[in-house]
Amino acid sequence: MTPVQYGRCVWGVVRREGLRWVHQRGRFVSALVRPLVWLAIFAAGFRFVLGVSIIPPYETYVPYEVYIAPGLVAMIQLFNGMQSSLSMVYDREMGSMRTLMVSPFPRWFLLLAKLLAGVAVGVVQAYLFLAIALLWEIEPPPMGYLAVLPALVLSGLMLGALGLVLSSLVRQLENFAGVMNFVIFPMFFASSALYPLWRVKEANLTLWWICQLNPFTHATELIRFALYGQFEPVPAAVVAGCALVFMALATLGYDPGRGMMARRAGAE
Amino acid sequence: MLDAADTTTPALAVSGLSHSFGARRVLDGVAFSVQPGAFTVLLGPNGAGKTTLFALITRLHHASSGSIAVFGRDMRTESSAALARMGVVFQQPTLDLDLTVEQNLAYHAALHGMAGGEARARAAEELARAGLADRAGERVRQLSGGQRRRVELARALLHRPALLLLDEPTSGLDIESRAALLTYVRAQCAERGLAALWATHLIDEAAPPARVVVLHQGRVRAEGTVEDVVRQAGAADLADAFARLTRGERA
């Protein structure tokens, strides 16, 4: 296989994911509506409860909507990553996962292509959300829209790879609902997405530590700072490191010689 | 297409293949080969180990022991070369229902690194052969079960494999579609010199001319032409032979 053929493979997988996303109208709409509900209702209600003082990267006092917007972008990425892996579980039951796996390309590469396809869909969703968020006067500097792209790709890779790891562990579709409850909600709430961490620290030191150890916090902060044209090395390093670890684990999970697939097949 | 070496190397060579899930031994020393250009039926009752065998041949996971080679390329060490020469129709439907026939085929072409123009030309060619040329732009959801199977077959042939694997391809089809599919695959083998391994539990799908591998309780019980297998079993016909070969308990 030549590099050109590798490129065609990735493009083919991305194209399919995009087409599927557009055709699955429900998934398309709910992916957009979910963060908007948070923005329109949750944030509106909370802006009077929770004051946000001036903390970087913001230079002035910001309304609560502006504070949680990057967290909601990260939430889009989180749901999208989990949903891509949900489709891996679903795909495998339908057999089309096996269609992917009989391709002559190396398996790690096929998983990476699948991952990039999910990231591409997630990035488009994030930009659509940011466009609609202008209605709530969430107006980062124009350069921020460009600077956020690498942050979106990196956080999308990390969360998508985490989803892949989970999909290799989950045996049946039913179990996945549990994973959603035990992964998505704790990750989202124990993070800096909805409240600044200094307030969490005041309230509960243990929870603050959990938030600090949560990779989703770092994905949120990476996106938040990038959106205002700033680069923060610590979140970037944590997200990149976690992405690599999760990708390595996913490759192990789908390795034909390592047992996870074999164990699953045996259970069928 | 076929080069000189292919006339002597088996399209598929399975030897000493054993596989266990925990304490349960699903395949036990399975050995057989599929010759280039031969239509071969893997015949076995439900639970014989056919699905596991297909999972191993398609590299879903590795076998506990033994080897699988496609045109001399070992599935463990040269899986890419082996998979490139293989086309697969899985037992479960694997098309994206909301995508068009063309889009489904384009996806498969990309998974084999094919260029867009070439992929479109081959897709048109395969769909014309399968009598589906006018359905290319339709969503798969709008096709009948038999038509979907033929699309899957066209997809499996898109990258011009020399070995075609079909895992109970007629399951879920009505009698008419079943017969049509079987006739079509046999014709493709004859016309293109394509080797096929067709797994089934239905004896009538193994009508001559065909080679037959009888699998029962994880072991090969007979292998050869239909006539050979009938003779080996000392039976009157294939149905009788199959009944005798699959009656015995594990030794």
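So, here is what we can say about the structure in this document. Quick caveat, the model's predicted, so the values are computed rather than measured.

### Points about the overall build of chain B
- In terms of regular secondary structure, chain B is built from eight helices and ten strands.
- The C-alpha radius of gyration computed for chain B amounts to 18 Å, which stays within 12% of the reference 18 Å derived for 251 residues, consistent with globular compactness.
- Along the three orthogonal principal directions, the C-alpha set of chain B runs to about 55 × 40 × 40 Å.
- The 251 residues of chain B split such that 48% are buried.

### A look at the interface of chain B and chain A
- Taken together, the contact pairs 28 residues of chain B with 28 residues of chain A.
- Of all the secondary-structure elements, those providing two or more residues to the side of chain B that touches chain A are helix H2 (79-84) and helix H3 (101-111) of chain B.
- Looking at which element gives the most residues to the side of chain B that touches chain A, the answer is H3 of chain B, with five residues.

### Points about the nonpolar core
- In terms of nonpolar packing, the biggest core is built from 157 residues, with Met158, Ala161 and Ile223 of chain A together with Leu163, Ala195 and Val214 of chain B touching the most fellow members.
- It is helix H3 (residues 64-94) of chain A that provides the largest number of residues to this core, a total of 15 residues.
- In contact with valine 214 of chain B, not counting residues within four places along its chain, are Leu43, Gly44, Val220, Arg221, Ala222, Val229, Phe242 and Leu245 of chain B.

### Focus on the environment of alanine 219 of chain A
Residue and element names in this part refer to chain A.
- Locating alanine 219 in the fold gives a position in helix H10 (residues 215-227).
- Spatially, the C-alpha atom of alanine 219 lies 17 Å from that of phenylalanine 129, the residues being 90 residues apart in sequence.
- When sequence neighbours within four positions are dropped, the list of residues in contact with alanine 219 reads Ala74, Gln77, Ser155, Met158, Leu159 and Val239.

### Re unusual backbone geometry
- Here the residue pair proline 56 of chain A and proline 57 of chain A is connected by a cis peptide bond, since its omega of 5 degrees sits within 30 degrees of zero.
- With respect to the helices and strands, the residue proline 57 of chain A is situated in the loop between helix H2 (25-46) and H3.
- Omega for the peptide link from proline 208 of chain B to proline 209 of chain B comes to 0 degrees, which places this bond in the cis form.
- Along the chain, proline 209 of chain B falls in the loop between strand S8 (195-200) and strand S9 (211-216).
- Residues other than glycine seldom take positive phi values, yet glutamate 137 of chain A does so here, at roughly 60 degrees.
- Looking at the element boundaries, glutamate 137 of chain A is found in the loop between helix H5 (107-133) and helix H6 (142-169).

### Comments concerning H2 of chain A
Residue and element names in this part refer to chain A.
- Between its terminal C-alpha atoms H2 stretches 31 Å, which fits the 32 Å expected from 22 residues at 1.5 Å a residue.
- Of all the bends in H2, the largest measures some 25 degrees and sits at leucine 39.
- Listed in full, the buried residues belonging to H2 are Ala31, Pro35, Trp38, Leu39 and Ala43.

### Let's talk about the packing of H3 of chain B against helix H5 (residues 145-157) of chain B
Residues and elements named next belong to chain B.
- Look at H3 against H5: their axes get within 9 Å of each other, and the N-to-C directions meet at 30 degrees. In this view, H3 runs roughly parallel relative to H5, as classed from their interaxial angle. Remark: the crossing between H3 and H5 carries right-handed chirality. Here H3 contributes Val101, Asn104, Leu105 and His108 to the contact with H5, which in turn contributes Val151, Ala154 and Arg155.

About the cut-offs
- Residues numbered from 1 in each chain as written.
- Chains lettered and ligands numbered in written order.
- Predicted model: local features only at pLDDT ≥ 70, side-chain atom pairs only at ≥ 80, totals over all residues.
- Helix = DSSP H or I, 4+ residues; strand = E, 2+ residues; numbered from the N terminus.
- Rg over C-alpha atoms; globule rule 2.2 N^0.38 Å.
- Buried ≥ 20, exposed ≤ 12 C-beta atoms within 10 Å, placed from the backbone.
- Contact = placed C-beta atoms within 7 Å.
- Core = buried A, V, L, I, M, F, W, Y, C linked by C-beta atoms within 7 Å.
- Expected span 1.5 Å × (residues − 1).
- Bend = angle between axes of the 7 residues up to and from the residue.
- Axes fitted to C-alpha atoms, helices over the stretch in contact; angles between N-to-C directions.
- Parallel < 35°, antiparallel > 145°, perpendicular 65-115°, else oblique.
- Left-handed = near helix turned anticlockwise from the far one by under 90°.

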